[in-house]
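Residue-level listing of the chains:
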Amino acid sequence: MSQNAQIIQDTIVFKGRESPCKKTEKAYRVKVRVVSPSSRRPERARQRSPRIQGARNAKDTANNKYGQNIHSEASNKVPVSLKDNGTGNTKSGAPDSSKDVKDSKSVMSKAASTTKNGGKLSVAKKELKCGLCTDKFHEPKLLSCLHSFCQNCLRRYVEKGKYKKSFPCPLCSRNIDIPKNGGVRSLPANMYLVASESTDKAPPCDICDTGARAADRCLDCEENMCTNCLSYHNKMKATRVHRTAPISDNTKSKAKIQQKQYCDQHEQEELRFYCVPCAKIVCRDCKTINHTVHQTLELNDVAEGRKRDIGKSLRHTKEFLPKIQGHIKTLTAMAKSLEKNTQETTKEIKGQAKKLHEEIDRMAAEMISEIKQKNKEMENTLQRNIRSAEVVYASMESIILAAESFMNVGSDHDVIENSVNIKNRVENLPKEVPGESVDFVEFKFRPGPIPSTDLWICFGNWTSDVAASVAISIPRQIGPAMALMVRELSSFAVLGGKAIISIAPSKDGNAWLCNSLSEHIFLYTKSGQCRTHVKAGFEVGDIYVASDDTLMMSFPSQRKIRRMTGNGQITDFANLPMYPAGLTQMESGDILVCAMEKLGESVRGPDSKGAVLRVNNFGRVEKFDKERRTNLFTRPIRVTVNANKDIIVSEWAKGNDHVVALTADGKMKWQYHGPTTVELAHTFVPNALATDKYCQILIADSHNRAVHLVDKDGHFIKLLLTEKDGLGEPWSVAVDSEGFLWVGDTEGNVRVYKYMS
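Quick look at the structure, then. None of the values given here were measured: they were computed from a predicted structure.

Description of the overall build of the protein
Okay, so step 1: Of the regular secondary structure elements, the protein holds ten helices and 36 strands.
Okay, so step 2: The 757 residues of the protein split such that 38% are buried.
Okay, so step 3: Counted over contacts in the protein with a minimum sequence separation of 6, partners at least 24 positions apart contribute 50%.
Okay, so step 4: Of the roughly 45,400 Å² of accessible surface on the protein, a fraction of 51% belongs to carbon and sulfur atoms.

So this is what it looks like as structure tokens:
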């Protein structure tokens, strides 16, 4: 062992032979703990426990039993890289040794870094990191989707998501089954990743203490072994199927996993051949006995051929990676530009608001100044009149007092002499009262109306024009990327024989169907079996299965929305101010209804008016985009809501039929007038709409006998179904919860396709 490694326990066991240490075991193990020279305790270095020393003596005895020390030849030389045996087989059949060897991966990496002869990881290997902890892999687990994560990271991810039977891959969201026995711990280890972490220079052998350098590492035992130890390891039945990787001195070489698999029928024969007709790996005896007339190839030749096939597929994918990196850089630059643009636009809005505030403050200050001036004038008038009235009051009071004094205390002679003067003075007192009238003025402010339209025009508005559009263009060479395979499952005729105007999938995998100009609705299975039919009482315009499993129905002639419960009872839900057509349900539970002021094909055009109405759970009706001042719709026919909560409406505007997408708050998002990359034979007419789990929109175009597939941003993807696929004139389309596509045509036929299931 190295000077930096201290043995804690070692036991060597050979199956089928009596060992002085222990009899007939199925494996041998070594547990190693690495300590640095500075932290190692001297007394522990000088002394060994009796158990450890006994194990060493037993090991020496076992070596002598075979005639000599098994490392006598290897003790004075360092083995070089071993050549690949060409098996290419990585089938796992090794026993789990995780209970006996803990954190061996990190231990060995530390040992490689602390020994004098230890080196760096292979420079040819690009170090990968766990996608969950973004750190170096520790006990990596390989998922069926070929993504790897640390065992503990996966365990925490599964526990946090409370996944029981399966979980979505954190990177690609593909469903991964959780092993019933052992859970995440029982997922296969990524031995290929572990093998790529072999050290460049051979560390000491973990099994013996002769100082021999390790030539290989057993990935199942998680031990480094010299050539002789590996030889015994490969002879034991319990460990001969273990996977090993060479430890190379060549920094440019790549460690390749070596593993031998043995035949179940002929236990001593290695699986070295591949039977082409049986597509099975066989041994020499099986080839001679059971596959004599079959074409068989050497296993390594088949593996090399498979590698070449995979390499061709990977080559184009690798060439595509720089494009994704460039796309990421572009998006990052756009994010920075967006932040800058947002700040600048916000600053301009605040500046405009400040200007308007200043103007309003100036107007307010001017009004206040005028009021204060008027107040001052009125106050002077009032004070002047107050002073004048006070003088008159004092004069009259003095005269009255003097006259009363004459009468009370004056002599008869004085009264007679002054009576005439006093009487005249008293009688003329009212003439001295000021005759000026004073008007009382009360100030009032009458706020003027604030017209929102004029105010917005005055203030300004903001726009979100598309300055640039970036997308990743996927080369055709990269397999079936983003390709949707549609396969017809069944087709059948619906009772009534008229056009299928609406399809409403239910949660049980069936679907409600209704014909044009009919008051009957039918429940059909995917195989075309009619389960039941109901007479609605009036001509049905559209149907939709709500979240509570009730069937919502529109009745254009009655201007009503009615609903049918599970027991078949039909009741009124809402009376509408307009004629209803298509309907759907929002996430909030409210019902969206396409509505028109008039019925009939003659009103189709710019002079007609339509709207999307919103009906709450209590049947209250209001216009969905009530804040919009201009009329967006003339003749809306069908409406649906995708997983992004966008409202998708098909609009029949004479000569300009199109599909409109609105945000949840009613803002225009995009319009689709038909494909620009594909020439249609006839005018585009969107009769019906449906959405899938990827927010893609499926549009039934009866005039062109096609179903258009459009992405969530309104960009044309492809014609999903056409007349070449046997499609009639599609008048209705729906995608059920299981991912099956239902299409109804004008002849009363329904076709069911395997779309996303």
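Things to note about helix α8 (residues 299–409)
Okay, so step 1: The end-to-end C-alpha separation of α8 is 153 Å, in line with the 165 Å expected for 111 residues at 1.5 Å each.
Okay, so step 2: Its axis deflected by about 25° at Leu314, α8 carries its strongest bend there.
Okay, so step 3: Those residues of α8 lying buried are Leu299, Val302, Ala303, Gly305, Phe320, His327, Met378, Asn385, Val392, Ile399 and Ala403.
Okay, so step 4: Buried positions along α8 lie against β10 (271–275), β11 (280–283), β12 (296–298) and α9 (412–427).

Brief notes about the environment of Leu219
Okay, so step 1: By secondary structure assignment, the location of Leu219 is in the loop between β7 (216–218) and β8 (223–225).
Okay, so step 2: Note on Leu219: relative accessible area 3%, which makes it buried.
Okay, so step 3: Separated by 28 residues in the primary sequence, Leu219 and Met191 have C-alpha atoms spaced 6.6 Å apart.

Some words on the sheet that holds strand β33 (residues 716–721)
The strands making up a sheet associate through backbone hydrogen bonding, with each pair oriented either parallel or antiparallel.
Okay, so step 1: With antiparallel pairing, the four strands of this open sheet are ordered in space as β30-β31-β32-β33. Of all the strands in the sheet, the pair left with one neighbour each is β30 (686–691) and β33. Pairwise comparison of adjacent strand axes, ignoring direction, gives a mean angle of 25° for this sheet.
Okay, so step 2: Judged from the five bridges that link them, β30 and strand β31 (residues 697–701) form a sheet pairing that is antiparallel. Bridge pairing links Ala690 to Leu698 in β31.

What to know about a nonpolar patch on the surface
Okay, so step 1: A surface patch of nonpolar side chains, amounting to about 240 Å² of accessible area, comprises Ile371, Val441 and Phe443.
Okay, so step 2: Note that Phe443 resides in the loop between α9 and α10 (452–459).

Quick look at the pairing of strand β14 (residues 500–505)
Okay, so step 1: β14 sits mainly inside the fold: five of its six residues count as buried.
Okay, so step 2: Two strands pair when backbone bridges link them, and β14 and strand β15 (residues 511–515) are joined in this way by five bridges, in the antiparallel orientation. Within the sheet, the bridge partner assigned to Ile500 lies in β15 and is Asn515.
Okay, so step 3: Between β14 and β15, which follow one another and run antiparallel, lie five residues, and Gly509 among them has a positive phi close to 90°.

Conventions adopted
Residues numbered from 1 in each chain as written. Predicted model: local features only at pLDDT ≥ 70, side-chain atom pairs only at ≥ 80, totals over all residues. Heavy atoms only, no water. Helix = DSSP H or I, 4+ residues; strand = E, 2+ residues; numbered from the N terminus. Buried < 20%, exposed > 50% of the residue type's maximum accessible area, 1.4 Å probe, protein only. Contact = heavy atoms within 4.5 Å. Areas by Shrake-Rupley, 256 points an atom, 1.4 Å probe, with all protein chains shown as cover. Expected span 1.5 Å × (residues − 1). Bend = angle between axes of the 7 residues up to and from the residue. Pairing = 2+ DSSP bridges. Axes fitted to C-alpha atoms, helices over the stretch in contact; angles between N-to-C directions. Patch = residues over 30% accessible without salt bridge, like charges linked within 9 Å, V, L, I, M, F, W, Y side chains within 5 Å. Salt bridge = Lys/Arg side-chain N within 4 Å of Asp/Glu carboxyl O.

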